[in-house]
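Working through the structure, step by step
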Amino acid sequence: MNFTHVTAGQDDDGRRLDTIIRRYLPGQPLSRVYGALRKGLICVDGRRRRQDFRVRAGSDIAIARVLLGEAKNAPKTPATPLPDDLVLFRNGDLLILNKPYDLPVQKARRDGQSLADMVRDDFAFRHGNDGSSLSFRCGPLHRLDRKTTGIVVFSQSLRGAQWFSQAIRAHAVQKKYLALVQNALNHAQTWEDTVAEKDTPSHRFHTVSVGGDGKHAQTTVEPLAAGMFRGMPVTLVECAITTGRKHQIRAQAAAHGFPLLGDTAYGGSEIAGTQDFFLHAHQIVIGKNPLGVPPDIRAAIPDNFAKMLRTCLIKSDARL
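Because the structure is predicted, anything quoted here is derived from the model rather than measured.

**Considering the environment of leucine 17**
- Counting through the fold element by element, leucine 17 comes out in helix H1 (residues 17-24).
- By relative accessible area, leucine 17 is classed as buried at 0%.
- Not counting residues up to four positions away in its chain, the partners in contact with leucine 17 are Leu37, Val44, Arg49, Arg50, Gln51, Phe53, Val55 and Ile61.

**Looking at the sheet that holds strand E1 (residues 3-7)**
- Spatially, the four strands line up as an open sheet ordered E1-E4-E2-E3, and their pairing is antiparallel. Across the chains shown, the open sheet's two edge strands, defined by having one partner strand only, are E1 and strand E3 (47-48).
- Where strand E2 (residues 42-44) and strand E4 (residues 60-64) come together, three bridges link them in antiparallel fashion. Bridged to cysteine 43 within E4 is alanine 62.

**Let's talk about empty space enclosed by the protein**
- Summed over all chains, the structure comprises one cavity of 30 Å³ or more.
- When its volume is computed, the largest cavity comes out at roughly 30 Å³.
- What lines the largest cavity is His142, Ile151, Lys175, Tyr177, Ala281, Gln283 and Ile284.
- Breaking the lining of the largest cavity down by element, the ones donating at least two residues are strand E8 (174-182) and strand E13 (279-285).

Definitions and cut-offs
- The numbers attached to residues start from 1 for each chain and follow its sequence in the written order.
- Totals for whole chains, interfaces and linings use all residues, but because this is a predicted model, local features are given only for residues with pLDDT of at least 70 and pairs of side-chain atoms are given and counted only at 80 or more.
- Each side-chain value is derived from all of the structure's non-hydrogen atoms; neither hydrogens nor water enter the calculation.
- Elements are defined by DSSP. Helices are runs of H or I of four residues or more, strands are runs of E of two residues or more, and each kind is numbered from the N terminus.
- Buried, partly exposed and exposed residues are distinguished by accessible area as a fraction of the type maximum, computed with a 1.4 Å probe on protein chains only: under 20%, between the cut-offs, and over 50%, respectively.
- Contacts are assigned to residue pairs with any non-hydrogen atoms lying within 4.5 Å of each other.
- For two strands to be treated as a pair, DSSP must find no fewer than two bridges joining them.
- Space inside and on the surface of the protein is sampled on a 1 Å grid over the protein atoms alone, with a cavity defined as a set of points where a 1.4 Å probe fits but cannot get out and a pocket as an open set with protein on both sides within 12 Å along at least 5 of 7 lines; lining residues have an atom within 4 Å of a point.
- Grid points are joined across faces, edges and corners, and a volume is the space filled by probe spheres set on the points.

If you want it as structure tokens, here you go:
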């Protein structure tokens, strides 16, 4: 029987064999993986091993080629690098991008490309099969809605994924957004509510509700500039979130009388233009860290956002 030999990398050190194999062979059900281990179709350093065996970095893992399948060895398209204008920061642990409008972070449908697809292609283009990890797969470390632009962080190593995820859980990472809202917001406010997802069959997606049973959500909002859009007062605000609920800023802004301009799903007035609404993740404060990431990273507002601000006679300043 023919085998493909792969070498466990540093990120695989100490991980269970079945965890590595399931991620290396994502199309195989767990029962098939266990059966392959029992039959010797997967071996470590020439020996059969149980599924709970802890693999060490540098170990040789032999996998029967029948398990790999054609898709593993014949990718549909060659790997390609990310466009330079999307990259805000990159090192061996984290990749920080400025996401464009209307591009999903993760694929919601079978058709269409996602930012995660582009990052995986970029990772393969830069690293190829360099043996750094069999079980690690780069991916997004937090969420950003499809029609929200700005900063999103992807893992590039297991160390980076673990450190950033722990920092998020400890509320050590601060994220700030710029939003264009309806009505005049004259002073800073802190919104504390409960937010719950609800099924809305009339829409193509799920919205959330504010109030009642749900998870705690907190957003601090500071007005930056005021303007007018078609006779309606509008305010450019900066939103700092301490929780990360789905549609948190959009739902809370609407509930407190300041829906995002154009956000019809949450009561905003419809606008005709290139974007439905304007919400941009413009700053992430990570602080001192062991990964060599700058403590404060900012993403400039997109051209369409800047054009809308000019339409509303709101001047961009250094904070944007």
